[in-house]
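Chain and residue survey
Each chain, written out:
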Amino acid sequence: MSDQPYDPYIPSSGAGHAQGAPGNQRTAAIQQQIDDTVGIMRENINKVADRGARLDSLQDKTDNLAQSAQGFRRGANRVRKQMWWKDMKMRMCIVIGIIILLVIIIVPVVVT
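Structure report, in brief. Just so you know, the residues in each chain are numbered from 1, in the order the chain's sequence is written. A pLDDT threshold of at least 70 governs which residues receive local features in this predicted model, and a stricter bar of 80 or more applies before side-chain atom pairs are shown or counted, although totals over entire chains, interfaces and linings include all residues. Excluded from the side-chain calculations are hydrogens and water; all other atoms, namely the structure's heavy atoms, are used.

Here the focus is the overall build of the protein chain. When helices and strands are counted, the protein chain shows one helix and zero strands. Burial here depends on accessible area, computed with a 1.4 Å probe over protein chains only, as a share of the maximum for the residue type. Under 20% is buried, over 50% is exposed, and the range in between is partly exposed. Across the 112 residues in the protein chain, those meeting the buried criterion constitute 3%. Split by element, the accessible area of the protein chain, about 10800 Å² in all, is 63% carbon and sulfur. The helix count covers DSSP runs of H or I at least four residues long, the strand count covers runs of E at least two residues long, and both are numbered beginning at the N terminus. Here the accessible surface of atoms and residues is derived via Shrake-Rupley with a 1.4 Å probe, and residues count as covered only by protein chains that are part of the display.

Below you can see the structure in the form of structure tokens.
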């Protein structure tokens, strides 16, 4: 017996196993596929981590945009109310001007 523990994935160096045996080539091909798959999975994990960082950044930008939009809405409502009051003042001035003009025209006609 040997000093090393039994490992079914490591070919034994017994008399019936030559270096170029079909089993060793098959094992090497499978190991290469496993290594390729592991490499692809590592790349995928890195991509997922990068995507998570980009999503966090996008979430922060979205929160900032929502706060800006809320501030803009408040400012727009304030400006709308100011313009409404300005419009009402102008209408009142026009109505008062028309009333004064009518009084100036009607009073002399009624007095005579």
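Within this document, salt bridges are pairs made up of a side-chain nitrogen of Lys or Arg and a carboxyl oxygen of Asp or Glu, the two lying within 4 Å of each other. This model, assessed by the stated rule, comprises one salt bridge. Where Arg91 meets Asp87, a salt bridge forms, and the shortest distance between an N and an O atom there is 3.2 Å. One end of the pair is Arg91 and the other is Asp87, both in helix 1 (residues 22-111) and four residues apart, which spans about a single turn.

Here the focus is the packing of aromatic side chains. Note on aromatic contacts: the rings of Phe and Tyr and the six-membered ring of Trp form a pair at centre separations within 6.5 Å, being stacked when their planes are under 30 degrees apart, edge-to-face when over 60 apart, and tilted otherwise. Under the definition given, this model contains one aromatic pair. A ring pair is formed by Trp84 and Trp85, whose centres lie 5.0 Å apart and whose planes are at 80 degrees; its orientation type is edge-to-face. In this structure Trp84 comes out as partly exposed when scored by relative accessible area, which is 47%. Overall, Trp85 belongs to the exposed group, its relative accessible area being 53%.

On the surface, Met90, Ile94, Ile98, Leu101, Leu102, Ile105, Ile106 and Val110 cluster together into a nonpolar patch covering about 780 Å² of accessible area. On the basis of relative accessible area, Ile106 is assigned to the partly exposed category, the value being 45%. Like charges are joined within 9 Å and nonpolar side chains (Val, Leu, Ile, Met, Phe, Trp, Tyr) within 5 Å, but only among residues with over 30% relative accessible area and no salt bridge; these make up the patches.

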